[in-house]
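Here is what each chain is made of, one letter per residue.
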Amino acid sequence: MKLDETDINLLELLQADSKKTTKEYALKLSLSTTAIYERIKRLERTGAIRNYVALVDKAVVDRNFTVFCHVKLVQHVKDNIAQFEAQVLRLQEVVECHHLSGDYDYLLKIHVQDMEAYRNFMVNKLTAMNHIGSTQSSFTIKEVKHSTAIPL
């Protein structure tokens, strides 16, 4: 799907605040409410917009301890990869999982309550999984920048 300039401007507005009314977006983009509504529906239908979510404050829900954990599998073969990925999808503490090139196979972003909760997660969940060769964890001191918006 080819996005035009209006689509891009609309997506930027939606990424900043998707709770505004269609009329508010129409006023900002100098289009009719119907035109904006149809564009949004087309963007949803074609998959440019995948979902709408609420961004929850980690501190309010007591999950303000953020860990980045590199994972190396014992052996980087198809079955191990598939099994690891299926298992990591079920770990609610893991909010992101990226398959990497380089020294480690995966990078996990994990939100837990504190160091004790992370230790419990490591001992009882992550390292209890099959085919984990090694892990290396880094703990966030301060989140300097966080954005969910995709640069357009």
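Presented here is an overview of the structure given in this document. In this text, all values refer to a predicted model and were calculated from it rather than measured experimentally.

### Some thoughts on the sheet that holds strand β2 (residues 94–99)
If you trace the four strands from one edge of the open sheet to the other, you get β2-β3-β1-β4, paired in antiparallel fashion. Of all the strands in the sheet, just β2 and β4 (132–139) have a single pairing partner and so form its edges. Here the strands of the sheet are splayed against their neighbours by 20 degrees on average, with no regard to which way each runs. Across seven bridges, the pairing between strand β1 (residues 65–73) and strand β3 (residues 106–112) is antiparallel. Note on β3: the bridge partner recorded for Phe65 is Val112.

### Examining the packing of aromatic side chains
Each aromatic ring pair is summarised here by two numbers: the centre-to-centre distance and the angle between the ring planes. Summed over all chains, the structure comprises four aromatic pairs. Ring centres 5.5 Å apart and planes at 35 degrees place the aromatic pair Phe65 and Phe139 in the tilted group. With Phe65 in strand β1 and Phe139 in strand β4, the pair connects residues that are 74 residues apart, well separated along the chain. Pairing Phe84 with Tyr106 gives two aromatic rings, centres 4.5 Å apart and planes at 40 degrees, and the pair type is tilted. Taken as a pair, Phe84 in helix α4 (residues 78–88) and Tyr106 in strand β3 lie far apart in primary sequence, 22 residues in all. We classify Tyr106 as buried; its relative accessible area is 0%. Put simply, the rings of Phe65, Tyr118, Phe121 and Phe139 touch in pairs and so form one group of aromatic residues. Residue placement shows Lys72 over the ring face of Tyr104; its charged tip is 5.2 Å from the ring centre.

Cut-offs applied
- Residues numbered from 1 in each chain as written.
- Predicted model: local features only at pLDDT ≥ 70, side-chain atom pairs only at ≥ 80, totals over all residues.
- Heavy atoms only, no water.
- Pairing = 2+ DSSP bridges.
- Helix = DSSP H or I, 4+ residues; strand = E, 2+ residues; numbered from the N terminus.
- Axes fitted to C-alpha atoms, helices over the stretch in contact; angles between N-to-C directions.
- Phe/Tyr/Trp six-rings, centres within 6.5 Å; stacked < 30°, edge-to-face > 60°.
- Buried < 20%, exposed > 50% of the residue type's maximum accessible area, 1.4 Å probe, protein only.
- Lys NZ or Arg CZ within 6 Å of the ring centre and 35° of its normal.

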